[in-house]
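If you want the building blocks of each chain, they are given just below.
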Amino acid sequence: MLTWRSMRATVRTLRVLLTFRQVAPDHRWRCGLVPFPRSLSTGTPLRNDFFKDLEAKLAAARRKVADAAPGSAWSPLEINPNLPPERTDIVIVGGGVVGWSVAYWLKKKEGIRGGLKVVVVEKDTTYSQASSVLSAGGIRQQFSLPENIRLSLASADFLRNINEHLGVPNEDVVDLHFNHAGYMFLASHKGAHVLEENYKTQKAAGAQVSLLSPTQLQEKFPWMNTHDVALASYGLENEGWLDPWSLLNAFRRKALSMGVVQCCGEVTGFKFTSNEATTEDGERLELRRIKSVQVRMPRSLEYQPVECAVVVNAAGPFSAKVARMLGVGLGPRDTLAGIPLPVEPRKRFVYVFHCPEGPGLDTPFLIDHSGVYFRREGLGGNYIAGKSPDEGEEPDVADLHVDHQFFQDQIWPELAHRVPAFEKLKVRSAWAGYYDYNTLDQNGIVGAHPLVSNMYFATGFSGHGLQHSPAVGRAVAELILDGGFTTLDLSRLGFRRIAEREPLLESNII
Amino acid sequence: RPWSSSPASPPPMHRRLLLILTQRFSDFEVLLRWKSRMKRRKLLRKNHLFFLKCSILFACLLCVLRFVGHSEWFRADHKGKFNWDFLNHKDTPLEEVDMSYTIINYTGLSNLGTKAQRSLRTLSVRGCSEVDDWFLARLHVFQDSLEELDISHCPQITPGGLAALRNLKGLRRLDVSSLPRISTPGLVIILLEEMLPQCEVIASGYDHSLKPEEVEEERSQG
């Protein structure tokens, strides 16, 4: 009997509670008094303050009215705010230092404010695997190809006046932590004539380099073992190393302040139109023109097709994957469409070690003739070293796992041979990064594809993308907006040499 | 800006107002950018004309010159008039140049380099606000002849630029006092002395004492 009555009581209270919930807001609004005498939850206040709630209610009502009025951004459909815009002028695939450099230069050359809409698509905004930030950060003019030398000189000019170019009002000054210590290439008897040839090319292009004999070398750098060195080439100016993260962020900050839109997403496909054309030889070509880029959001299946006029492929080691989405390389073998973009990721290790008796402030970025390189890092006796593995021994590129045995077997003996003080060193840490390795000739590919007329490449730099990024950005912007190269002629670095399989070799690749 | 980690104090009221207006209105942004561009252009123009032959603006130079074989210095006297006799020595090589507290920068140095490459023995750029690491890197053109260098009180020099002095093997006296951007002066001085063994490194104006926290740590440990 008692239970039956209590059950009925609970049912009644429940019913009233339910109705109370619907009625309560208006009720409280009108008189502020709780109609139901007994409160059934312990969380609510004993007394409801009319005026405290009044403020909140008025603000909420004001917001609702503002949203409902025309001109507000509110819509009943929930749109993901991270999606890129539906329509833009230029899409840059890849948010590394080259991509942001192109974005900055495009906005700089646009002519009128807001004249160009640029979107940079980057799949990983933490840059955990990006080549730009994992780089050793060196810049040198000691190349064998005049185009590379001129690119480095132009980039050094840019970096010298970086605050003039990339300074944003009311923000911190750009500090690249540039160390002007120069590069030094050592050559054995076999490579001495190549070094001398390169020296002549470099001097002709305007680089400040000097040649040193072994005795001069021993005098200048007494910590070095020069027994098997025939000749050394030493950079005097505009060479050294910088902090790649600062450069990337400087470009990014300036480009964002100029109105470039950044999108975190991955390019998964393109929509293009095709036109058939026949060459003089009777070969049928399929000319494609990109209409829109499909950008997929991270960790989701949602994608946005971005209509655009021009696409810049600055995706670094993954550029070939992007190019394949357009059919570059998927055609029949002996045709133009069958030639893939010869850029693939190659893993390179960088080891940080500490040596208390090592060379001092004047340590250059030394590159031995065996391929081992090292440079000073900071002022505390730390150094960075690495080596490009031989052709057959390339490490697996599936992840960025470091092989410490490589240091023990291949790098340390050479280091100890070159600098006797390095016999006693302690490896502090190491990391790995990808080179966007151009398998044809290890030089950058800058220019449009012959079959896809609105896709421009700025990739394949094989380890010297960072140092060329300002100049390459300017060159690509000139190509897109002016129709051709105006300051530096990089036509020899175009896709033509890939199509004709004529490598433009660079002998000084580290 | 209030969340910036730099130790500089916030700018005065009128400047802050100007910056707020710049962020809201594009006209202000254009005007500010134009103003900084004009300032840069003026600086560049003045530097271009530093040390050029027979330039009228030579007389307005604030620098002081001394030629080989002569013992008197050519400088502007208190009225601002320059002794034009130096033009008689147009072909004599320059030996000592004192450019303290001027606006000399990299471009100006390029002009000096072409004239005085083989003979310059003393160079002073004390307190020059535009002298930065790239300027020091350019000093390699004087590597055979330069014996004394004074780069004290220059606000833009960092240890990365001091590494560029490695080429000046003839240097006997180097003054690196009171460089604000060197955070570990003691270490840098030792490294400089190692890099240039025959050079006397003068570095005053640095506080080598331990910081208060470090002294307390020692006290608690010892």
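Residues numbered from 1 in each chain as written. Chains lettered and ligands numbered in written order. Predicted model: local features only at pLDDT ≥ 70, side-chain atom pairs only at ≥ 80, totals over all residues. Heavy atoms only, no water.

Chemist: Any chance you could break down the packing of helix α3 (residues 97-108) of chain A against helix α8 (residues 244-257) of chain A for me, citing the residues and the numbers?
Modeler: Residue and element names in this part refer to chain A. Packing of α3 against α8 brings their axes to within 9 Å, and their N-to-C directions diverge by 30 degrees. When the axes of α3 and α8 are compared, the crossing they make is left-handed. Contact residues: V97, W100, S101, A103 and Y104 in α3; L247, L248, F251, R252, K254, A255 and L256 in α8. (Axes fitted to C-alpha atoms, helices over the stretch in contact; angles between N-to-C directions. Helix = DSSP H or I, 4+ residues; strand = E, 2+ residues; numbered from the N terminus. Left-handed = near helix turned anticlockwise from the far one by under 90°. Contact = heavy atoms within 4.5 Å.)

Chemist: Report on the pairing of strand β9 (residues 266-278) of chain A, specifying residues and quantitative values.
Modeler: For a regular strand, side-chain orientation follows a simple rule: the groups alternate between the two sheet faces. Relative to strand β10 (residues 284-296) of chain A, β9 of chain A is paired through 12 bridges, and the arrangement is antiparallel. Residue pairing across strands places K271 of chain A opposite S292 of chain A, the latter belonging to β10 of chain A. (Pairing = 2+ DSSP bridges.)

Chemist: Give a detailed account of the UniProt feature "domain: FAD dependent oxidoreductase" (unreviewed entry) in chain A, specifying residues and quantitative values.
Modeler: With numbering aligned to this structure, UniProt lists the feature "domain: FAD dependent oxidoreductase" (unreviewed entry) at residues 89-479 of chain A. Taken end to end, residues 89-479 of chain A comprises 26% helix and 29% strand; its first and last C-alpha atoms sit 15 Å apart. (UniProt positions renumbered as here; feature names shortened; annotations may be inferred.)

Chemist: Account for the domain arrangement of chain A, naming residues and giving values.
Modeler: Residue and element names in this part refer to chain A. Per the domain assignment, the segments of chain A are domain 1 (89-128 + 247-342 + 441-500) and domain 2 (178-236 + 347-436). Averaged C-alpha coordinates put domain 1 and domain 2 at centres separated by 33 Å. Carbon and sulfur atoms supply 59% of the area buried between domain 1 and domain 2, which totals about 500 Å² over both sides. In terms of surface lost to domain 2, no three residues of domain 1 exceed P317, S462 and G463, which account for 56% of the buried area on that side. Inspection of the domain 1/domain 2 interface yields 0 salt bridges. If you look at where domain 1 meets domain 2, you find 3 residue pairs in polar contact (both at pLDDT 80 or more). Taken together, the residues of the side of domain 1 that touches domain 2 break down into 3 nonpolar, 6 polar and no charged. (Domains from an automatic or database assignment. Buried area = accessible area lost by both parts, 1.4 Å probe. Salt bridge = Lys/Arg side-chain N within 4 Å of Asp/Glu carboxyl O. Polar contact = N/O pair within 3.5 Å; in protein donor to acceptor, adjacent residues only side chain to side chain. Nonpolar A, V, L, I, M, F, W, Y, C, P; charged D, E, K, R; others polar.)

Chemist: Provide a residue-level description of the sheet that holds strand β11 (residues 303-307) of chain A, including the pertinent values.
Modeler: Residues and elements named next belong to chain A. Pairing in this open sheet of 3 strands is antiparallel, and the strands run β9-β10-β11 from one edge to the other. Edge positions in the sheet fall to β9 and β11, since each has one partner strand and no second. Taken pair by pair, the neighbouring strands of this sheet meet at an average axis angle of 35 degrees, ignoring direction.

Chemist: Talk me through the packing of aromatic side chains; I want residue IDs and the actual numbers.
Modeler: By convention here, two paired aromatic rings are described through the distance between centres and the angle between planes. Residue and element names in this part refer to chain A. Scanning all chains against the criterion turns up 25 aromatic pairs over all chains. Here the aromatic rings of F221 and Y234 are separated by 5.5 Å at their centres, their planes lie at 90 degrees, and the arrangement is edge-to-face. Of this pair, F221 sits in the loop between α7 (214-220) and β6 (231-235) while Y234 sits in strand β6, and the two are 13 residues apart along the sequence. Among the aromatic residues, those joined into a ring-pair cluster are F349, Y351, F353, F374, Y383, F406, F407, W412 and F422. In this structure, R348 packs its charged tip against the face of Y435, placed 5.0 Å from the ring centre. (Phe/Tyr/Trp six-rings, centres within 6.5 Å; stacked < 30°, edge-to-face > 60°. Lys NZ or Arg CZ within 6 Å of the ring centre and 35° of its normal.)

Chemist: Before we move on, could you go through the interface of chain B and chain A and cite the residues and values that matter?
Modeler: With 34 residues of chain B in contact, the opposing surface of chain A contributes 27 residues. In this structure, the connection of chain B to chain A is made through 4 salt bridges. E29 of chain B is the salt-bridge partner of R113 of chain A, the closest N and O atoms lying 3.9 Å from each other. For the interface between chain B and chain A, the tally reads 10 residue pairs in polar contact (both at pLDDT 80 or more). Of all the elements in the fold, those that place two or more residues in the side of chain B that touches chain A are α1 (13-24), α2 (26-49), α4 (133-138), α5 (159-162) and α6 (185-195) of chain B.

Chemist: Lay out a positive patch on the surface with the relevant residues and their values.
Modeler: Taken together, the side chains of K108 of chain A together with R37, R41, K42, R45 and K46 of chain B define a basic patch exposed on the protein surface. It is α2 of chain B that contributes the most residues to the positive patch, 5 residues altogether. Of note, K108 of chain A is situated in helix α3. Assessed through its relative accessible area of 43%, K108 of chain A is described here as partly exposed. (Patch = residues over 30% accessible without salt bridge, like charges linked within 9 Å, V, L, I, M, F, W, Y side chains within 5 Å. Areas by Shrake-Rupley, 256 points an atom, 1.4 Å probe, with all protein chains shown as cover. Lys, Arg positive; Asp, Glu negative; His and termini not counted. Charge placed at Lys NZ, Arg CZ, Asp CG, Glu CD. Buried < 20%, exposed > 50% of the residue type's maximum accessible area, 1.4 Å probe, protein only.)

Chemist: I'd like a description of the pairing of strand β4 (residues 183-187) of chain A, backed by residues and values.
Modeler: Residues and elements named next belong to chain A. Across the 5 residues of β4, 5 count as buried, placing the element largely inside the fold. Neither face of β4 is open: one carries Y183, F185 and A187, the other M184 and L186, and all of them are buried. Note: β4 against strand β14 (residues 365-367), 3 bridges, orientation parallel. When the bridges of β14 are listed, F185 appears paired with I367.

Chemist: Account for the side chain of R376 of chain A, naming residues and giving values.
Modeler: Residue placement: R376 of chain A occurs in strand β15 (residues 372-377). Of the side chains with opposite charge, D362 of chain A comes closest to the buried, unpaired R376 of chain A, at an N-O distance of 7.2 Å. Within the structure, the side chain of R376 of chain A is placed 3.0 Å from the side chain of N179 of chain A, a separation counted as a polar contact. Side-chain polar atoms of R376 of chain A contact the backbone oxygen of G378 of chain A, separated by 3.0 Å. Those residues in contact with R376 of chain A, other than ones at most four positions away along the chain, are N179, W241, G360, L361, T363, N382 and Y383 of chain A together with A163 of chain B.

Chemist: Explain the pattern of salt bridges residue by residue, including any values.
Modeler: As enumerated under the stated definition, the model contains 26 salt bridges over all chains in all. The salt bridge involving R296 of chain A is made with E266 of chain A; its shortest N-O contact spans 3.5 Å. Taken as a pair, R296 of chain A in strand β10 and E266 of chain A in strand β9 lie far apart in primary sequence, 30 residues in all. On the basis of relative accessibility, which here comes to 28%, the residue R296 of chain A falls in the partly exposed class. Note that R33 of chain B and E29 of chain B form a salt bridge whose closest N and O atoms lie 3.1 Å from each other. You can see R33 of chain B and its partner E29 of chain B sitting in helix α2, 4 residues apart, about one turn around the helix. Taking the relative accessible area as the measure of exposure, R33 of chain B reaches 41% and is therefore partly exposed. Judged by its relative accessible area of 23%, E29 of chain B is partly exposed. A single network of salt bridges, built from pairs that share partners, joins E344, R346, R348 and E394 of chain A.

Chemist: Can you explain the sheet that holds strand β2 (residues 118-122) of chain A? Please cite residues and give values.
Modeler: Residues and elements named next belong to chain A. Spatially, the 6 strands line up as an open sheet ordered β8-β2-β1-β12-β19-β18, and their pairing is mixed. Lying at the two open borders of the sheet, with one neighbouring strand each, are β8 (261-264) and β18 (445-448). Direction aside, the axes of adjacent strands within the sheet are offset by 20 degrees on average. As defined by bridge partners, β2 adjoins β8 across 4 bridges and the pair is classed as parallel. Along β8, the bridge assignment pairs V119 with V261. Relative to the sheet, α3 contacts β1 (90-93), β2, β8, β12 (310-313) and β19 (455-459), its axis offset from that of β1 by approximately 160 degrees.

Chemist: So what's going on with the nonpolar core? Which residues, and what values?
Modeler: Most often, soluble globular proteins have nonpolar side chains that are buried together. Judged by nonpolar contacts, the single largest core of 55 residues is most densely connected at I92, W100, L106, L159, L247 and V312 of chain A. In this structure, L247 of chain A is in contact with V97, L159, I162, L176, L242, L466 and S469 of chain A, ignoring residues within four places of it in sequence. L109, V131, A164 and V201 of chain B belong to the second-largest nonpolar core, a separate cluster that totals 41 residues. (Core = buried A, V, L, I, M, F, W, Y, C linked by side-chain atoms within 4.5 Å.)

Chemist: Let's hear about the environment of P76 of chain A: which residues, and what values?
Modeler: Note that P76 of chain A resides in the loop between α2 (50-68) and β1. Of the residues examined, P76 of chain A reaches a relative accessible area of 67% and is grouped as exposed.

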